[in-house]
Every structure is written in structure tokens, then in C-alpha cells.
Amino acid sequence: MSARRAAGARMLAVFAVALALNLSTAAPTVMEGDGAELQTVAALGGVAHPTGYPTWTLGGRLFSLVWPGEPARRTTALSAVAGAAALGVLLRILGLLGAAPGVALAGVLLVAAIVTFRWSSIYPEVYSLAVLLFLIAIERVIQATRQPTPGRFLIAAAALSLSATAHFLFAPAAAVLGLVLLLRGARDAGSLARRAAPV
């Protein structure tokens, strides 16, 4: 099995185990506070309290239409799926950064065991989706800076922008990554222009 396929298999296994655990322990019905508001807004349509959390609300609406089970549990499933996917993406990022498979898996297990992350993956809240979108943005920025092409820069910029729609928690870090992307893009554009200019 190639290294790439093995990494993909590990990522899928992490996702599957985390998803099974998240779904089996997820909030079973309507919760209280913000969770209840988000479940209701996602199931019935509308806007949650500011900032409205558009990505979670739209994702929750989709889950409320297609996921099986009781309506409130359907929207909670979005948090469970996003939390599991975030762990898979984190495993991929750690691999891209050169961590050995065992070390990467240990890092993922440590994150999975953090009480706040665990809670956000089984409760109807925006945080697991926010973590997932930010990790996707990080992974795309790594790809764009390592193998710069206009398409990769565009995808990385879009991923950074989308990460801000889930929660502003990662906005400062997203701004720094956006600046890195901008500076790297400007440097690469100048290099391409110099190579293309006639002598």
C-alpha cells in the first residue's frame, strides 16, 4: 500500500471511530440555552443570535432535512460529524508537517480527549464546525505555500474566508494566515513575472 493510501486509510479510520463515538454519546433531544436556539433555528429556518452563525445554521438545516431521527438530534448530528471530520483533517495536517503516523495519531487522541472539543462534538453548538473549517483552511494554506499555483491560493483564501462564517474564534489566526498567503502570493507572482519578462 502506498504511503498516500495508508495516510488516507488512517484518516478514514480516525473519522469513523470518532463519528461512532460522537453519535452514540450525542445530545439525544432538545437542549437548553444556545443549543436549543441553534437546534430550533436550524430545523425551522431563521437566524440565530448575532452573528447568526450562517454556516452552522445552513448545515444544521441540511442535516435536519436528510439525517434520520428526531429533529433536534438531526441538527446535533452536524456537530458530531464536524468533530469527527476535524480529527481526520488534523491527522492529515500533522502528516503534512512531517509527524510520524504514531505521533500524529497521539496528537489527534490528545485533541479528541480535550473536554471542550469533546463537548462541542456531541452538543448542538458551532464550535466543532468552526474547528473543522479552520483546520481545512490551515491544510489548504500549507498546500498553497508548498506548491504555489493560483488555483491553490484561491482555494486557500476561500477556505480562510469560510472559516470566519462559523465563529470569530479563529479570526485573528485566519488573518495571520491570510497575510502569509498574501505575502507568499505576491512573492510568487513577482517571481513568475520576472521569469516571463523578455531579456
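These notes cover the structure that comes with them.

Basis of the calculations
Residues numbered from 1 in each chain as written. Predicted model: local features only at pLDDT ≥ 70, side-chain atom pairs only at ≥ 80, totals over all residues. Heavy atoms only, no water. Phe/Tyr/Trp six-rings, centres within 6.5 Å; stacked < 30°, edge-to-face > 60°. Helix = DSSP H or I, 4+ residues; strand = E, 2+ residues; numbered from the N terminus. Buried < 20%, exposed > 50% of the residue type's maximum accessible area, 1.4 Å probe, protein only. Core = buried A, V, L, I, M, F, W, Y, C linked by side-chain atoms within 4.5 Å. Contact = heavy atoms within 4.5 Å. Expected span 1.5 Å × (residues − 1). Patch = residues over 30% accessible without salt bridge, like charges linked within 9 Å, V, L, I, M, F, W, Y side chains within 5 Å. Areas by Shrake-Rupley, 256 points an atom, 1.4 Å probe, with all protein chains shown as cover. Salt bridge = Lys/Arg side-chain N within 4 Å of Asp/Glu carboxyl O. Axes fitted to C-alpha atoms, helices over the stretch in contact; angles between N-to-C directions. Parallel < 35°, antiparallel > 145°, perpendicular 65-115°, else oblique. Left-handed = near helix turned anticlockwise from the far one by under 90°. Nonpolar A, V, L, I, M, F, W, Y, C, P; charged D, E, K, R; others polar.

Brief notes about the packing of aromatic side chains
One pass over the structure, following the stated rule, counts 4 aromatic pairs. Judged by centre distance (6.3 Å) and plane angle (35°), the ring pair of Trp119 and Tyr127 falls under tilted. Consider the rings of Phe134 and Phe170, whose centres lie 4.6 Å apart with planes at 5°: the pair is stacked. Note that Phe134 is positioned in helix H7 (residues 127-146) and Phe170 in the loop between helix H8 (150-163) and helix H9 (171-196), a separation of 36 residues in sequence. Accessibility assignment for this pair places Phe134 and Phe170 in one class, buried.

Quick notes on the nonpolar core
Of all hydrophobic cores here, the largest spans 44 residues; its most connected members are Trp56, Leu135, Leu160 and Leu181. When contributions to this core are tallied by element, the ones reaching two or more residues are helix H1 (3-25), helix H2 (33-44), helix H3 (54-66), helix H4 (71-96), helix H5 (101-113), H7, H8 and H9. Residue contacts for Trp56: discarding those within four places in its chain leaves Leu38, Ala42, Thr75, Leu78, Ser79, Pro124, Glu125, Val126 and Leu129.

Quick word on H3
In this model H3 runs 18 Å from its N-terminal to its C-terminal C-alpha over 13 residues, within 8% of the 18 Å that 1.5 Å per residue would give. Every buried residue of H3 is accounted for by Thr55, Trp56, Thr57, Gly59, Gly60, Phe63 and Ser64. Elements that come into contact with the buried residues of H3 comprise H2, H4, H7 and H8.

Description of a nonpolar patch on the surface
Together, Leu62, Leu65 and Val66 make up a nonpolar patch on the protein surface, roughly 320 Å² of accessible area in all. The class of Leu65 is exposed, set by a relative accessible area of 59%.

Remarks on the pattern of salt bridges
It is possible for side chains of opposite charge to pair when their charged atoms get near one another. As enumerated under the stated definition, the model contains 2 salt bridges in all. Between Arg92 and Glu139 there is a salt bridge whose closest N-O contact spans 2.9 Å. Placement of the pair is Arg92 in helix H4 and Glu139 in helix H7, with a sequence separation of 47 residues. Residues joined in a network through salt bridges with shared partners are Arg92, Glu139 and Arg140.

Some remarks on the environment of Ala159
By the element assignment, Ala159 lies in helix H8. Sequence separation of Ala159 and Thr25 is 134 residues, and the distance between their C-alpha atoms is 30 Å. Excluding residues that lie within four positions of it along the chain, Ala159 makes contacts with Leu133, Ile136, Ala137 and Arg140.

Notes on the environment of Val108
By the element assignment, Val108 lies in helix H5. Relative accessible area serves as the criterion here: at 2%, Val108 is assigned to the buried category. Placed 98 residues apart in sequence, Val108 and Arg10 show a C-alpha to C-alpha distance of 11 Å. Residues contacting Val108, with those up to four places away along its chain left out, are Val14, Leu87, Leu90, Leu91 and Leu94.

Quick notes on the packing of H3 against H4
Between two packed helices, both the angle of their axes relative to each other and the distance between the axes serve to describe the pair. Where H3 contacts H4, the two axes come as close as 7 Å, and the packing angle between them is 120°. As judged from the angle between their axes, H3 and H4 are oblique. For the crossing formed where H3 meets H4, the hand is right-handed. Listed contacts from H4 to Trp56, Gly59, Gly60, Phe63 and Ser64 of H3 are Arg74, Thr75, Ala77, Leu78, Ser79 and Val81. Here the residues of the contact of H3 with H4 are counted per class, giving 5 nonpolar, 5 polar and 1 charged.

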